[in-house]
Each structure stands twice: as C-alpha cells, then as structure tokens.
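These are the residues of each chain, in order.
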Amino acid sequence: NKGDVDRYSTDFTMSMTIPGYGDLETGKSMVSERQLIGKQDGMNVFTEKIEESVFINKIGNDVSPNYDWNALVGVPYEVYINEQGHIDRMEMKTNKELEETLNALMRGAEQQNYYFPFGENAKNISIGESWRVKQDSIVFYAGEGDLECFMFTDSKFTLKKIKIKK
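Parameters and conventions
Residues numbered from 1 in each chain as written. Predicted model: local features only at pLDDT ≥ 70, side-chain atom pairs only at ≥ 80, totals over all residues. Heavy atoms only, no water. Helix = DSSP H or I, 4+ residues; strand = E, 2+ residues; numbered from the N terminus. Buried < 20%, exposed > 50% of the residue type's maximum accessible area, 1.4 Å probe, protein only. Contact = heavy atoms within 4.5 Å. Phe/Tyr/Trp six-rings, centres within 6.5 Å; stacked < 30°, edge-to-face > 60°. Lys NZ or Arg CZ within 6 Å of the ring centre and 35° of its normal. Salt bridge = Lys/Arg side-chain N within 4 Å of Asp/Glu carboxyl O. Pairing = 2+ DSSP bridges.

**Thoughts on the overall build of the protein chain**
Of regular secondary structure, the protein chain possesses 2 helices and 8 strands. Reading the helices (α) and strands (β) of the protein chain from amino to carboxyl end gives β-β-β-β-α-β-β-α-β-β. When the 166 residues of the protein chain are sorted by exposure, 29% land in the buried category. Counting contacts in the protein chain only where the partners sit at least 6 residues apart, residues at least 24 apart contribute 52% of the total.

Structure (structure tokens):
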C-alpha cells in the first residue's frame with residue numbers, strides 16, 4: 001500500500017569458477033526498508049534504503065568485505081518497477097557516485113522480481129509444497145569494467161510456514 005514501510009531481509013550466496021580468476025564466492029545479508037511512493041510513466045516507484053548489511057567476497061583463499069556495497073548502507077534510492085515486476089531503473093537523489101554500485105548490487109544474480117519474488121509459479125501454494133524457478137541468459141559482470149557474462153539459475157523453493165506479524 002502507498003505510504004506503508006515494509007522491511008525485507010535478503011540472504012544470498014553465489015559461487016562459481018571464472019576463467020582467469022579461479023573460484024569466486026560472494027555473499028550478502030541485508031535488511032532493507034521499502035515504501036511505495038506512487039506511479040510514474042506507468043511504473044510503480046519505490047523508495048528504498050539498506051538498513052543493515054554484511055557483504056563479503058572470496059576469491060581463492062582471500063576473503064574481504066565488499067567496501068563498495070557497504071557504502072550503500074543508509075543511503076536512500078528510488079526504484080522504478082515495470083509491469084512485469086522487474087527493475088527498469090534506479091536513481092539516487094544524493095550520492096550519485098554510488099548509482100553504478102547500486103545497480104551492480106540490485107541487478108545481481110538473483111534478479112529480484114518485485115511482484116513475484118519467488119517466481120510466478122508461487123501462487124496458491126500450500127505448506128510443504130515446492131516449486132522451481134529457472135532463469136536463462138542473465139547478464140552479469142564479474143567485476144567493474146569486465147566483459148559481459150551470461151549465466152542461468154535453477155532455484156527450488158519450499159513453503160515451510162506462514163508467519164503473520166502483528
């Protein structure tokens with residue numbers, strides 16, 4: 001609903017082998033606040049802010065925090081969502097120098113869908129049921145200035161319980 005502030009928790013890990021880099025693992029755990037502020041150009045516009053986070057990268061045996069992503073904590077931004085639920089664009093009113101970093105974080109491997117975060121098949125699901133979400137030809141960049149890479153995902157979700165907060 002317009003004006004309501006929702007809090008979301010996201011945990012994500014990804015590991016892969018990239019020629020020339022070796023084994024790469026990246027992880028994020030963050031709590032975000034999201035508020036629908038209206039419509040513009042036929043898209044829903046949300047304001048968001050990352051409230052808490054841990055962002056870590058591991059290449060080979062070297063582990064380090066992702067300083068770029070950690071710089072986004074506490075900085076509000078606007079997200080424009082198209083009719084299919086995907087990010088059309090993101091804008092920052094302040095800290096414009098962080099927009100590229102924000103795009104790398106929010107348009108990452110999990111390719112969040114705002115209207116169907118667990119896939120369009122996650123409708124009328126009962127506790128204990130499972131469903132799969134497959135995505136192909138997802139564009140990502142291994143690092144800033146790197147070549148465009150493609151990947152696919154195959155995720156399996158299971159509804160364990162429904163928690164209604166008061």
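**Here's the deal with the packing of aromatic side chains**
A complete count under the given rule lists 0 aromatic pairs for this structure. Its end group placed over the ring of F46, R34 keeps NZ or CZ at 6.0 Å from the ring centre. Directly above the aromatic system of Y80 lies the positively charged group of R89, at a separation of 3.9 Å from the ring centroid.

**Describing the pattern of salt bridges**
Taken as a whole and assessed by the stated rule, the structure comprises 10 salt bridges. Here D88 makes a salt bridge to R89, at a shortest N to O gap of 3.1 Å. A relative accessible area of 23% places R89 in the partly exposed class. Within the structure, one salt-bridge network assembled from shared partners comprises D41, D88, R89 and E91.

**So, the pairing of strand 3 (residues 43–59)**
The pairing of strand 2 (residues 22–40) with strand 3 spans 16 bridges and is antiparallel. If you follow S32 over to strand 3, its bridge partner there is I50. Between strand 2 and strand 3, which pair antiparallel in sequence order, lie 2 residues; one of them, D41, sits at a positive phi of approximately 55°. Relative to strand 5 (residues 77–81), strand 3 is paired through 5 bridges, and the arrangement is antiparallel. Its bridge partner being in strand 5, F46 is matched across the sheet by V79.

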